[in-house]
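Results of the structural survey
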Amino acid sequence: FILTVKNTDFATELKNKVAQSSKLLPGQDAIDFVMTDRDGNKKNLSDFKGKPIYIDFWATWCGPCIQESPYFDTLSKDYPGVTFLAMSTDTNRKAWLSYISSHEKNAPQFNTVDNVIREKWGIFYIPRFVVIDKNFKIVDAYAPVPSKDKELRQILDKL
């Protein structure tokens, strides 16, 4: 299809999007990004390499995100061999801290405003879930939501 596009700017943009998306296929190296914990300490996603990782990208203002949160928390108890990361994308750190202070959570809570999540992970909508294996390879960059329990458990059981 790209070869049939007559507008070179559009064809170039399309090629770039395909190249970016191909980096999110299963088996590709996970893309590192920076996050902070509630105390302001910085971590990289790669710091969690060595165990499977299930990430919940969410925000305090996102209704569907809040609805998935209890399912995410329940799964985190059921899979102690998997690192569960609740990754807020809130740009207002105070709103995020206020929210997590008033809602008890099992999974570690982090916040990221690193543009890598948009530019390289393609996270433009939330909630979005990602599964990474212990070798820091992508298993599913568009993983099932926690409320789709059976489908997600099949993936986590394999890890």
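In the block above lies the structure referred to throughout.
Before going into details, it helps to say that this report is about the structure given with it. (Residues numbered from 1 in each chain as written. Predicted model: local features only at pLDDT ≥ 70, side-chain atom pairs only at ≥ 80, totals over all residues. Heavy atoms only, no water.)

1. Some details on the pairing of strand 3 (residues 53–58)
Taking burial as the measure, the 6 residues of strand 3 include 6 buried ones, the bulk of the element. Every second residue of strand 3 is oriented toward a common face, with I53, I55 and F57 on one face and Y54, D56 and W58 on the other, all of them buried. Where strand 3 and strand 4 (residues 83–88) come together, 6 bridges link them in parallel fashion. Counterpart to W58 in the pairing with strand 4 is S88. In this fold, strand 3 hands off to helix 2 (residues 63–78), which returns the chain to strand 4; that crossover is right-handed. Pairing of strand 3 with strand 6 (residues 128–132) involves 5 bridges; the strand directions are antiparallel. Across the sheet, residue I53 finds its bridge partner in strand 6, namely I132. (Buried < 20%, exposed > 50% of the residue type's maximum accessible area, 1.4 Å probe, protein only. Helix = DSSP H or I, 4+ residues; strand = E, 2+ residues; numbered from the N terminus. Pairing = 2+ DSSP bridges. Right-handed = clockwise from strand over helix to strand, strands pointing away.)

2. Quick look at the side chain of S76
In this structure, S76 sits in helix 2. S76 has contacts with F84, N106 and A107, leaving out every residue within four places of it along the chain. (Contact = heavy atoms within 4.5 Å.)

3. What about empty space enclosed by the protein?
Under the defined criterion, the tally for this structure stands at 1 cavity of 30 Å³ or more. For the largest cavity, the full set of lining residues is D56, W58, C65, S69, F72, D73, A86, Y99, I100, K105 and Q109. With 4 residues, helix 2 is the largest single contributor of residues to the lining of the largest cavity. For the lining of the largest cavity, the class distribution of residues is 6 nonpolar, 2 polar and 3 charged. (1 Å grid on protein atoms, 1.4 Å probe; cavity = no way out; pocket = protein on both sides within 12 Å on 5 of 7 lines; lining within 4 Å. Points joined across faces, edges and corners; volume = space filled by probe spheres on them. Nonpolar A, V, L, I, M, F, W, Y, C, P; charged D, E, K, R; others polar.)

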